[in-house]
Amino acid sequence: HGIKMKALPIDLCPEVASYAEEIARMYNLSQWSIGVDMIAYKDGGDSIGWHADDTQGETIVACVVVDAPGEVRPLCIRPNKRKKPLQHGDEEIQLFIAEGDGYDMDGYMQENYEHSLPKKQNNTSHRFVLIFRQGNAGFVPQDSGVSVLNNVSNESRSGKEWDVLSAITKLRPKTKTVMFGHISNVSVGECYSRRFLWSTFAHRADQKGINGNIKEGADSIVVSRQDFDVREEDGLSWLRYTSSRRQGGGALCMSFRTKLPVRVFRSSNLKGSCRPAAFEGNRTSYRYDGLYVVTRVWNSEGNLTHSDIPVGGKAIGSGVQFTFHLERLPHPEKNPMSTDDLFRRIQQSRCFGPHLPFNTPQPKNGGDVLPALMQNIDIPLETA
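Bear in mind that the values here come from a model prediction, so they are computed numbers and not experimental data. Position numbers for residues start from 1 in each chain and track the written sequence from start to end. Given that this is a predicted model, residues contribute local features only at a pLDDT of at least 70 and side-chain atom pairs are listed and counted only at 80 or more, while totals for whole chains, interfaces and linings are drawn from all residues. Working from all heavy atoms in the structure, the side-chain values ignore hydrogens and water.

Asker: How would you summarise the overall build of the chain if you had to cite specific residues and measurements?
Answerer: Along its length, the chain carries six helices and 16 strands. Between buried and exposed lies partly exposed: a residue is buried under 20% and exposed over 50% of the maximum accessible area for its type, with that area taken using a 1.4 Å probe on protein chains only. Across the 384 residues in the chain, those meeting the buried criterion constitute 45%. Whether two residues touch is decided by their heavy atoms; if any such pair falls within 4.5 Å, the residues are in contact. For the chain, contacts bridging at least 24 residues in sequence account for 77% of all contacts bridging at least 6. Accessible surface area values rest on a Shrake-Rupley calculation with a 1.4 Å probe, where residue burial reflects the displayed protein chains alone. When the accessible surface of the chain is summed, it comes to about 20500 Å², and 51% of that surface belongs to carbon and sulfur atoms. Where helices and strands are cited, they refer to DSSP runs of H or I of at least four residues and of E of at least two residues respectively, numbered from the N terminus.

What follows is the structure, encoded as structure tokens:
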């Protein structure tokens, strides 16, 4: 936006560095490619005009208000005037983001909308905000050699230049991203966008097929492919899914131990009769098919296994692959829609004609032993 600022190493603010790592994990990122901005508004007289965070091809901009006592100030959003002049019917909305609240903006919003924080008269309260930015990293050929602080020693951190760190002590804990069972805003048999699944916490792994961790288990999976060569099959009332620990298989291993339910979403990118219809314009849709439970696990040799299921993350390597058998939980105790009704919904949405009753298919790879997986086989990642 025409302003150049020298960046400090994030390690100078260990509280910010720690929080940045936690927020990055919520988005399945190893780090923020652009970095973290610490914005301080002294009072209501400080403001920021209409703009979009699009100077470095931002794909994710996540903002958290870490310290803002007093009256809540509105964040204003409107269509981007740089794209086209405002027209009758265009709306300006306001979000009242209080202390401890957060919001994010994707690349589509940065391209088509702009936002501002206007002045607030007679407001004497300060406002500290952390902004995490993912996009194209910028590089400077060489450092100017000029320090941005008079003294960067540890002793200087007690001085006025580090007053901003007092705000970091009020950082809120990471939002829980693993929640088992049905989600209130998502109905069995209905189709949704991947973004909607993320925003409603139905499936928080925005770029992975499995959401969860090896300590708690997996609460949801997105099925975007079925590959018989890696022992995957789909019978609607059951599902076989192959994954490595690195791709989320460790979480499904823990789900096998705990028998906690897993939400299953099938993608319109699937091949076969279980896939949902795509949205208009061939946009990918994700149908919620209810709760399943992991009942069996095969190792890479094709044997049913219990002993080498990881407990704490050290039992197996990150690339070791397992195949999981998931079975749909019964209706009406666990699923509000029976498998037969779900099958009827699928036929209606795809114009199959007269409804045929659902007959549970048998896996092509039957029995307790499956074919062994090829060593170091590359299983494609489940992605949006």
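Asker: For the sheet that holds strand 6 (residues 102-106), give the residues involved together with the corresponding values.
Answerer: A pair of strands is considered paired only if DSSP assigns at least 2 bridges between the two. In spatial order, the strands read 1-8-3-6; together these four strands make up an open sheet with antiparallel pairing. The sheet is open, and its two borders are formed by strand 1 (35-41) and strand 6, each paired with just one other strand. Along the sheet, successive strands turn relative to each other by an average axial angle of 20°, direction set aside. The pairing of strand 3 (residues 60-67) with strand 8 (residues 127-134) spans seven bridges and is antiparallel. Across the sheet, residue Ile60 finds its bridge partner in strand 8, namely Gln134. Running over the sheet, helix 1 (residues 14-26) touches strand 1, strand 3 and strand 8 and is turned about 50° from strand 8. Each axis is a line fitted through C-alpha atoms, and for a helix only the stretch in contact is used; angles between axes span 0 to 180 degrees, taken between their N-to-C directions.

Asker: So what's going on with the nonpolar core? Residues and values would help.
Answerer: Put simply, a nonpolar core is a bunch of buried Ala, Val, Leu, Ile, Met, Phe, Trp, Tyr and Cys residues held in one set by side-chain atoms that sit within 4.5 Å of each other. Ranked by internal contacts, the top residues of the largest apolar core, which has 20 residues, are Val186, Leu197, Ala202, Leu236, Phe265 and Tyr288. Elements with a contribution of two residues or more to this core: strand 15 (286-298) and helix 6 (339-349). No other element matches the four residues that strand 15 contributes to this core. Beyond its immediate stretch of four places on either side in the chain, Tyr288 contacts His182, Val186, Ser187, Val188, Gly189, Glu190, Arg263, Val264 and Phe265. Grouped together as the second largest cluster of nonpolar side chains are 19 residues, Tyr241, Ala251, Tyr292 and Val297 included.

Asker: Hey, could you go over helix 5 (residues 245-258) for me, with residue numbers and the actual values?
Answerer: Helix length check: helix 5, at 14 residues, gives a terminal C-alpha distance of 17 Å against a target of 20 Å (1.5 Å per residue), a shortfall beyond 12%. Across the 14 residues of helix 5, ten count as buried, placing the element largely inside the fold. Among the residues making up helix 5, those that are buried are Gln247, Gly248, Gly249, Gly250, Ala251, Leu252, Cys253, Met254, Ser255 and Phe256. Elements that come into contact with the buried residues of helix 5 comprise strand 10 (210-213), strand 11 (217-223), strand 13 (238-244), strand 14 (262-267), strand 15 and strand 16 (321-328). Multiplying 1.5 Å by the helix residue count minus one yields the expected span of that helix.

Asker: Hey, could you go over the confidence of the model for the chain for me, with residue numbers and the actual values?
Answerer: A residue-level look at the chain finds 81% of positions with pLDDT of 70 or above and a mean pLDDT of 83. The secondary-structure element of the chain with the lowest mean pLDDT is helix 3 (residues 165-168), recorded at 46, while strand 14 shows the highest, at 97. A residue's pLDDT is the confidence the predictor assigns to it, expressed on a 0 to 100 scale. Within the model, the stretch residues 148-174 combines pLDDT values under 50 with 38 contacts to residues more than four positions away or in other chains. Here residues 311-316 is modelled with pLDDT under 50, and outside its nearest four sequence neighbours on either side it reaches eleven contacts, counting other chains as well.

Asker: Got a sec to walk through the pattern of salt bridges? Specific residues and values, please.
Answerer: Two side chains carrying opposite charge are able to pair once their charged atoms lie near each other. By convention in these notes, a salt bridge is any Lys or Arg side-chain nitrogen within 4 Å of a carboxyl oxygen on Asp or Glu. Considering all chains together, one arrives at 17 salt bridges under this definition. Asp54 is the salt-bridge partner of Arg82, the closest N and O atoms lying 2.9 Å from each other. Of this pair, Arg82 sits in the loop between strand 4 (74-79) and strand 5 (93-96) while Asp54 is found in the loop between strand 2 (48-51) and strand 3, placing the two residues 28 residues apart along the sequence. By sharing partners, the salt bridges in this structure join Asp234, Arg266, Arg287 and Asp289 into a single network.

Asker: Could you give an account of unusual backbone geometry, naming the residues involved and the relevant values?
Answerer: Note that the residue after His331, namely Pro332, is joined by a cis bond; omega there is 5°. Mapped onto the elements of the fold, Pro332 is located in the loop between strand 16 and helix 6. Residues other than glycine seldom take positive phi values, yet Asn122 does so here, at roughly 60°. Mapped onto the elements of the fold, Asn122 is located in the loop between strand 7 (113-117) and strand 8.

Asker: Describe in detail the side chain of Arg263, supporting the description with residues and values.
Answerer: For Arg263, the position within the fold is in strand 14. For Arg263, a relative accessible area of 0% translates into the label buried. With sequence-adjacent residues up to four places away left out, Arg263 is seen in contact with Met179, Phe180, Gly181, Ile183, Phe201, Ala202, Asp219, Ser220, Ile221, Tyr288, Gly290 and Leu291.

Asker: Requested: an account of the sheet that holds strand 5, with residues and values cited.
Answerer: The strands making up a sheet are joined through hydrogen bonds of the backbone, oriented either antiparallel or parallel. Reading across the sheet, the four strands line up as 2-7-4-5 and stay open at both edges, with antiparallel pairing between neighbours. Across the chains shown, the open sheet's two edge strands, defined by having one partner strand only, are strand 2 and strand 5. For this sheet the average axis-to-axis angle between neighbouring strands, irrespective of direction, equals 20°. Note: strand 4 against strand 7, four bridges, orientation antiparallel. Residue pairing across strands places Ile77 opposite His115, the latter belonging to strand 7.

Asker: Break down the packing of aromatic side chains for me, with residues and values.
Answerer: What counts as a ring pair is set by centres within 6.5 Å for rings of Phe, Tyr and Trp (its six-membered ring), and what kind of pair is set by the plane angle: stacked under 30 degrees, edge-to-face over 60, tilted for all other angles. Scanning all chains against the criterion turns up seven aromatic pairs. Residues Phe322 and Phe324 carry aromatic rings whose centres are separated by 6.3 Å and whose planes lie at 45° to one another, so their mutual orientation is tilted. The exposure class of Phe324 is buried, given its relative accessible area of 0%. Grouped by ring-pair contacts, the aromatic residues Tyr19, Tyr27, Trp32, Phe132 and Trp198 constitute a single cluster. Between the NZ or CZ atom of Arg225 and the centre of the ring of Tyr241, over which it lies, the distance is 5.7 Å. Charge-over-ring placement is defined geometrically: NZ (Lys) or CZ (Arg) within 6 Å of the ring centre, and within 35 degrees of the ring normal. Positioned over the ring face of Phe228 is Lys364, at 5.9 Å from the centre of the ring.

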